[in-house]
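Working through the structure, step by step
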Amino acid sequence: MEAIILAGGKAERLGEAAQGRPKALVEIAGRPLAAYQVGQLAAAGVERVIVSCAAGQEKLFESALGGIGPEIVGVGEPEPMGRGGGIRFAAQGRREPGDVYALNGDELVDVDLRRLLDLHGSSSAAATITVVQVRSPFGVVDLDGDAVTGFREAPKLEEWVSCGIYVLGEEALSRFPERGDHETSTFPELAAERRLHALRHEGIWLTVNTPKDLRVAEEYMAAHPDWSAKGNL
C-alpha cells in the first residue's frame with residue numbers, strides 16, 4: 001500500500017511561526033506535522049509515502065520524514081498545479097497501480113485509516129473520503145418565531161465537510177485534473193454518479209493554517225501524550 005501526502009503549502013498565514021519551513025514540516029510538540037501523518041500511515045500498513053511538494057524541497061521532506069518506517073519519496077511539482085493536479089502528478093511516482101491513500105499535509109486527524117480502506121473496498125466507489133462535522137465559530141441563538149428560546153456556544157453544525165483524507169482508486173485518479181482542485185471538479189462528478197462514498201469521522205480534526213491553529217495543536221499534543229502510544233507515531 002502506498003500513500004500520497006499533499007505538502008505544497010507555503011505556510012504564508014503562519015508567518016514567523018513557520019520559521020521558514022513548508023507548512024507540512026512546521027513542528028508541533030517537537031515533530032514535523034507530517035511526521036504524525038506518516039506514523040498513522042505506517043500503523044495502517046503503508047510502506048511507501050510519496051510527498052507532493054514544491055520543486056527543490058524533495059530532499060528536505062525525505063530527510064525530515066525518513067526513519068519513521070515507510071520509504072519517503074519526494075516528488076516536486078515543476079509549477080503550481082493545484083491540489084488535484086498535485087495528487088495526479090505525484091501518483092505517477094507509485095510503484096504499482098491500485099488504491100492509494102491521499103492526505104492533505106497540514107492537518108491532524110485521528111481517523112482509523114484501516115477502516116477507511118475497508119469501507120472503500122466493500123463498495124463500488126471510485127473514491128472514499130473522510131468527512132467531519134465542524135463547530136460554528138459563533139454562538140448560536142435558538143428562536144421560536146420572534147422569541148429567543150436559548151443559546152448554544154459553538155455547537156456542531158449538522159453539515160459534514162471533507163477533511164482531505166481519501167482512498168482513491170484508479171478510476172478516480174485518472175479523472176483528476178492536471179491542474180486545479182479535484183473537490184470542485186472530479187468529486188462533484190463522481191458524486192453525481194453516486195461513485196463517491198464517505199466515512200463519517202467524529203474524532204479529532206485539527207487544521208494548522210494560522211498561529212492560533214498552531215497553538216491549539218501544540219496544546220492538544222501536550223495534553224495527549226498518548227497520541228504516539230496509540231500507534232500514530
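Here goes a summary of the coordinates provided. (Residues numbered from 1 in each chain as written. Predicted model: local features only at pLDDT ≥ 70, side-chain atom pairs only at ≥ 80, totals over all residues. Heavy atoms only, no water.)

**Quick notes on the environment of A34**
- Its location among the elements puts A34 in helix α1 (residues 33-43).
- C-alpha separation for the pair A34 and E96, spaced 62 residues apart in sequence, amounts to 23 Å. (Helix = DSSP H or I, 4+ residues; strand = E, 2+ residues; numbered from the N terminus.)

**As for the packing of aromatic side chains**
- A complete count under the given rule lists 2 aromatic pairs for this structure.
- With a centroid separation of 5.1 Å and 90° between ring planes, the pair formed by Y166 and F187 is classed as edge-to-face. In this pair, Y166 sits in strand β11 (residues 156-168) while F187 sits in helix α6 (residues 186-192), placing the two residues 21 residues apart along the sequence.
- An angle of 80° between the planes, with centres 5.9 Å apart, marks the rings of F176 and F187 as edge-to-face. Note that F176 is positioned in the loop between α5 (170-174) and α6 and F187 in helix α6, a separation of 11 residues in sequence.
- A connected cluster of aromatic rings, assembled from ring pairs, spans Y166, F176 and F187.
- The ring of W160 carries R200 above its face, with NZ or CZ at 5.6 Å from the centroid. (Phe/Tyr/Trp six-rings, centres within 6.5 Å; stacked < 30°, edge-to-face > 60°. Lys NZ or Arg CZ within 6 Å of the ring centre and 35° of its normal.)

**Notes on a nonpolar patch on the surface**
- A cluster of nonpolar side chains, namely V141, L143, V148 and F151, defines an oily patch on the protein surface of about 430 Å² accessible area.
- If you trace the backbone, V148 turns up in strand β10 (residues 147-152). (Patch = residues over 30% accessible without salt bridge, like charges linked within 9 Å, V, L, I, M, F, W, Y side chains within 5 Å. Areas by Shrake-Rupley, 256 points an atom, 1.4 Å probe, with all protein chains shown as cover. Salt bridge = Lys/Arg side-chain N within 4 Å of Asp/Glu carboxyl O.)

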